[in-house]
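Residue-level listing of the chains:
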Amino acid sequence: NDLFISGCKVSQPTGSGSGSEDRDFTFDAAFGPETVPVSVVRSEVPLAVDAFLDGINAVLLVLGASGSGKDELLAGTPATGGAERWEGLVEHLIRSMYAALRESGEGGVAS
């Protein structure tokens, strides 16, 4: 089945008859190929941490073609050739969660 993307909603047709309905999936954000990883971190990590502290489940879903940078976005990159090491999205998220728990005094997280 084909997927149709419009804004922050994906529709998947379930059939071709008069009784068939589309399945709709909504999401918070989508980023294009020109997006730099730090902009994803700045826009999404604070929202995910706030949701986490409010007890809301979340999923990080990274899709893209082979070689598009999915691994680098999630796991980061090592320091090579004079370039600094970049912490991936997962590391930023975990660090931010622990920092938020320390600041709130909840969860028994020590400094």
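If you're wondering where the values come from, they're calculated on a predicted model, not measured in any experiment.

Definitions and cut-offs
All residue numbers here refer to positions counted from 1 along the written sequence of the relevant chain. Side-chain atom pairs in this predicted model are given and counted only at pLDDT of 80 or more, local residue features only at pLDDT of at least 70, and totals for whole chains, interfaces and linings cover all residues. In computing side-chain properties, one takes all heavy atoms of the structure into account and sets aside hydrogens as well as water. Each helix is a run of H or I in the DSSP string that is no shorter than four residues. Each strand is a run of E no shorter than two, and both are numbered from the N terminus. Remark: exposure states derive from per-residue accessible area (1.4 Å probe, protein chains only) relative to the maximum for the residue type, with buried under 20%, exposed over 50%, and partly exposed in between. Methods summary: accessible areas were calculated by the Shrake-Rupley approach with a probe of 1.4 Å, and residue burial reflects only the protein chains presented. Grid spacing is 1 Å over the protein atoms alone, the probe is 1.4 Å, and a cavity is where that probe fits but cannot get out, while a pocket is an open set with protein on both sides within 12 Å along at least five of seven lines and lining residues have an atom within 4 Å of a point. Grid points are joined across faces, edges and corners, and a volume is the space filled by probe spheres set on the points. Residue classes follow a fixed rule: Ala, Val, Leu, Ile, Met, Phe, Trp, Tyr, Cys and Pro count as nonpolar, while Asp, Glu, Lys and Arg count as charged, and any other residue, Gly among them, counts as polar. Counted as salt bridges are all cases of a side-chain nitrogen of Lys or Arg within 4 Å of a carboxyl oxygen of Asp or Glu. Working rule for helices: expected span equals 1.5 Å times residues minus one. In this context, the arc is that of the directions from the helix axis out to the C-beta atoms. Contacts are assigned to residue pairs with any non-hydrogen atoms lying within 4.5 Å of each other. Throughout this description, the term nonpolar core refers to a set of buried Ala, Val, Leu, Ile, Met, Phe, Trp, Tyr and Cys residues connected via side-chain atoms within 4.5 Å. By definition, pLDDT measures how confident the predictor is in each residue, and it falls between 0 and 100. Whenever a helix is involved, its axis is fitted only over the stretch in contact; in every case the axis is a line through C-alpha atoms, and angles between N-to-C directions fall within 0 to 180 degrees. What sets the label is the angle itself: under 35 degrees gives roughly parallel, over 145 gives roughly antiparallel, 65 to 115 gives roughly perpendicular, and the rest give oblique. Two helices crossing with the near one rotated counterclockwise from the far one by less than a right angle form a left-handed crossing, whereas a clockwise rotation gives a right-handed crossing.

Caption draft 1: Expanded view of the overall build of the chain. Summing up its helical and strand segments, the chain has three helices and five strands in all. Counting from the amino terminus, the chain carries its helices and strands in the arrangement β-β-β-α-α-β-β-α. Buried positions account for 16% of the 111 residues belonging to the chain. About 8400 Å² of surface is accessible on the chain, with carbon and sulfur atoms providing 53% of the total.

Caption draft 2: The layout of surface pockets, seen in detail. A volume near 1500 Å³ is recorded for the largest pocket. For the largest pocket, the lining is made up of 39 residues, of which Ala29, Ala30, Phe31, Leu61 and Val62 are closest to its centre. When residues in the lining of the largest pocket are grouped by element, the largest group, eight residues, is from helix 1 (residues 37-53). Broken down by class, the residue content of the lining of the largest pocket amounts to 28 nonpolar, seven polar and four charged.

Caption draft 3: Region of interest: the pattern of salt bridges. What the rule picks out here adds up to four salt bridges. Of the charged contacts, one joins Glu91 and Arg85 as a salt bridge, the two residues approaching to 2.9 Å between their closest N and O atoms. With a relative accessible area of 24%, Glu91 lands in the partly exposed category. A single salt-bridge network, built from bridges that share partners, covers Arg85, Glu87, Glu91 and Arg95.

Caption draft 4: View of helix 3 (residues 89-104). Compared with an ideal rise of 1.5 Å per residue, which puts 16 residues at 22 Å, helix 3 spans 22 Å between its outermost C-alpha atoms and is within 8% of the ideal. Those residues of helix 3 lying buried are Leu89, Leu93, Met97, Ala100 and Leu101. Taken end-on, helix 3 shows its buried residues confined to a sector of 100°, consistent with a single buried face. Contacts from the buried residues of helix 3 go to helix 1, helix 2 (70-75) and strand 5 (86-87). In the segment just after helix 3, Gly105 is the residue with positive phi, at about 75°.

Caption draft 5: Just the nonpolar core, in detail. Counting 11 residues, the largest nonpolar core consists of Val40, Val41, Val45, Ala48, Val49, Leu73, Trp86, Leu89, Leu93, Met97 and Ala100. Looking at this core element by element, the count peaks at five residues for helix 1. Beyond its immediate sequence surroundings of up to four residues, Val40 is in contact with Phe31, Thr35, Val45, Leu73 and Leu89.

Caption draft 6: View of the confidence of the model for the chain. For the chain, per-residue confidence averages 79 on the pLDDT scale, and 83% of positions sit at 70 or higher. Confidence, expressed as mean pLDDT per element, reaches its minimum in the chain at strand 1 (residues 4-6) with 53 and its maximum at helix 3 with 90.

Caption draft 7: Representation of the packing of helix 1 against helix 3 within the structure. Two numbers describe how helix 1 lies on helix 3: the axes approach to 9 Å, and their chain directions differ by 45°. The angle between helix 1 and helix 3 places the two elements in the oblique class. Crossing hand, helix 1 versus helix 3: right-handed. Along the contact surface, helix 1 presents Val40, Val41, Val45, Ala48, Val49, Phe52 and Leu53, while helix 3 presents Leu89, His92, Leu93, Ser96, Met97, Ala100 and Leu101. The residue inventory of the contact of helix 1 with helix 3, partitioned by class, reads 12 nonpolar, two polar and no charged.

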